[in-house]
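Take a look at the letters that make up each chain.
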Amino acid sequence: MLTLLTFPSAFGLYSGSPFCVKAAYMLHLSRLDWRRSDLLDARKMPHGKLPVLRTPERLLADSDAIRNWLEAEGAEFDQGLSDLQRAQSRSMIRMAEDHLYFQLLMDRWSEDEVWHLLRDRFFGEVPRLIRNPVANGVRRSVLRGLRAQGMGRFSTAERMDRAERDLEAITACLWHGSFLLGDRLSAADLSVAPMLAAMRATPVSTTLQRRVAGDRILSDYIDQVDDAVGIS
Ligand SMILES: N[C@@H](CCC(=O)N[C@@H](CS)C(=O)NCC(=O)O)C(=O)O
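Computed from a predicted structure; not experimentally measured.

Thresholds applied
- Residues numbered from 1 in each chain as written.
- Predicted model: local features only at pLDDT ≥ 70, side-chain atom pairs only at ≥ 80, totals over all residues.
- Heavy atoms only, no water.
- Helix = DSSP H or I, 4+ residues; strand = E, 2+ residues; numbered from the N terminus.
- Buried < 20%, exposed > 50% of the residue type's maximum accessible area, 1.4 Å probe, protein only.
- Lys, Arg positive; Asp, Glu negative; His and termini not counted.
- Charge placed at Lys NZ, Arg CZ, Asp CG, Glu CD.
- Expected span 1.5 Å × (residues − 1).
- Bend = angle between axes of the 7 residues up to and from the residue.
- Domains from an automatic or database assignment.
- Contact = heavy atoms within 4.5 Å.
- Buried area = accessible area lost by both parts, 1.4 Å probe.
- Salt bridge = Lys/Arg side-chain N within 4 Å of Asp/Glu carboxyl O.
- Polar contact = N/O pair within 3.5 Å; in protein donor to acceptor, adjacent residues only side chain to side chain.
- 1 Å grid on protein atoms, 1.4 Å probe; cavity = no way out; pocket = protein on both sides within 12 Å on 5 of 7 lines; lining within 4 Å.
- Points joined across faces, edges and corners; volume = space filled by probe spheres on them.
- Nonpolar A, V, L, I, M, F, W, Y, C, P; charged D, E, K, R; others polar.
- Near = heavy atom within 4 Å.
- Areas by Shrake-Rupley, 256 points an atom, 1.4 Å probe, with all protein chains shown as cover.
- Sits in = over half its atoms within 2 Å of the grid points.
- Core = buried A, V, L, I, M, F, W, Y, C linked by side-chain atoms within 4.5 Å.

A. Focus on the overall build of the chain. Within the chain one finds nine helices and four strands. Its helices and strands taken in sequence order, the chain reads β-α-β-β-β-α-α-α-α-α-α-α-α from the N to the C terminus. Dimensions of the chain, computed from the C-alpha atoms along their principal axes, are close to 55 × 45 × 30 Å. Going through the 232 residues of the chain one by one, you find that 49% of them count as buried. Side chains of the chain give 31 positive and 31 negative charges; the mean places of these two sets differ by 7 Å.

Structure below.
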């Protein structure tokens, strides 16, 4: 039996982490026998991050490595796509995971109003006496990382301008079919939709949350991918 080590559900999502949702989607579609096991602290994991898949042989860190492993077991997430479409699928994944993800992190960790709710949700099990110092320490380290990555240096307006261009690119793809690369689910959808879903689920009405939640095409797309995977 495979075990997906994942962050718990949060804000109405299967997991607070879009990468964990992606991994769960892939596992569900692969039709292998698996179960979830929730962790709140990823520090002991191979990369200090989740998701991680426990296979009979080892711990497999990183959603991309999980994808490779599942494909080696026979799963196919880009079935029926041409070489060009596979390349487009790969680019969309990078856009979601290496750009939109950092937009989500800024929204969650830098906005005070969101942070207070996030702290209560993600650090609720830390003993009360040390909860605030621990949570504030993690917050400082995430914000330092975002500054080093670059996203933390933009004003909200600059950041939203960058997000807007990605969201418009996603929408343009959706004019041509129900999913990013046509009328069939592909690996790109398994990364992009959870990222948008996480933005939409931010429990405070931020500029980014409103942008995604208020967009009929994007919002319907998130639900359509979730329905097509059929995990819940
Ligand atoms: N490249 C990794 C990214 C995973 C990732 O960033 N996970 C975040 C949650 S969304 C995490 O575990 N963060 C904990 C930490 O950085 O301490 C993947 O695709 O799995």
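Still more to cover.
B. Representation of helix α3 (residues 83-109) within the structure. Between the first and last C-alpha of α3 there are 38 Å, a value that for 27 residues agrees with the 39 Å anticipated at 1.5 Å per step. The axis of α3 is deflected most strongly, by about 35°, at L100.

C. Quick peek at the domain arrangement of the chain. On domain assignment, one finds that the chain holds domain 1 (2-72) and domain 2 (83-229). Taking the mean C-alpha position of each, domain 1 and domain 2 sit 18 Å from one another. Each side of the interface is counted separately: domain 1 has 18 residues, and domain 2 has 24 residues. Both sides of the domain 1 and domain 2 interface together cover about 1900 Å² of buried area, and 67% of this is carbon and sulfur. Summed over the shared surface of domain 1 and domain 2, the result is three salt bridges. At the junction of domain 1 with domain 2, the criterion picks out six residue pairs in polar contact (both at pLDDT 80 or more). Only α1 (18-30) and α2 (63-72) provide two or more residues apiece to the side of domain 1 that touches domain 2. If you tally residues by element for the side of domain 1 that touches domain 2, the top one is α1, at eight residues.

D. A look at the layout of surface pockets. Space inside the largest pocket adds up to approximately 1400 Å³. Surrounding the largest pocket, 38 residues form its lining, F7, A42, G48, K49 and Y101 being those nearest its centre. Looking at the lining of the largest pocket, the elements that each hand over two or more residues are α1, α2, α3, α4 (112-122) and α5 (128-149). Per-element tally for the lining of the largest pocket: the top contributor is α3, with eight residues. Residues of the lining of the largest pocket, tallied by class, amount to 20 nonpolar, seven polar and 11 charged. No fewer than three residues from each of domain 1 (2-72) and domain 2 (83-229) sit in the lining of the largest pocket. One number sums up the size of the second largest pocket: a volume of about 300 Å³. Around the second largest pocket, the lining is made up of 22 residues, and of these G12, L13, Y14, Y25 and D226 lie nearest the centre. Elements represented by at least two residues in the lining of the second largest pocket include exactly α1, α7 (187-201) and α9 (216-229). For the lining of the second largest pocket, the class distribution of residues is 14 nonpolar, five polar and three charged.

E. Region of the structure containing the site of the ligand. Neighbouring the ligand are the residues F7, S17, F19, G48, K49, L50, P51, D62, S63 and Y101. Between the ligand and K49 there is a distance of 3.2 Å, counted from an oxygen atom to a side-chain nitrogen or oxygen. Notes on the ligand: free accessible area 510 Å², of which the protein chains cover 72%. Taking a 2 Å distance to the grid points as the criterion, the majority of the atoms of the ligand fall inside the largest pocket.

F. The nonpolar core, seen in detail. Judged by nonpolar contacts, the single largest core of 65 residues is most densely connected at L70, I170, L180, V192, L196, Y221 and V225. If we ignore the near neighbours within four places in the chain, the residues touching Y221 are L174, S178, F179, L180, D189, V192, A193 and L196. Among the nonpolar cores identified, the runner-up in size contains seven residues, and L5, C20, L50 and V52 belong to it.

G. Up close: α7. Between its terminal C-alpha atoms α7 stretches 22 Å, which fits the 21 Å expected from 15 residues at 1.5 Å a residue. Counting buried positions along α7 gives 14 out of 15 residues, so the element sits mostly inside the fold.

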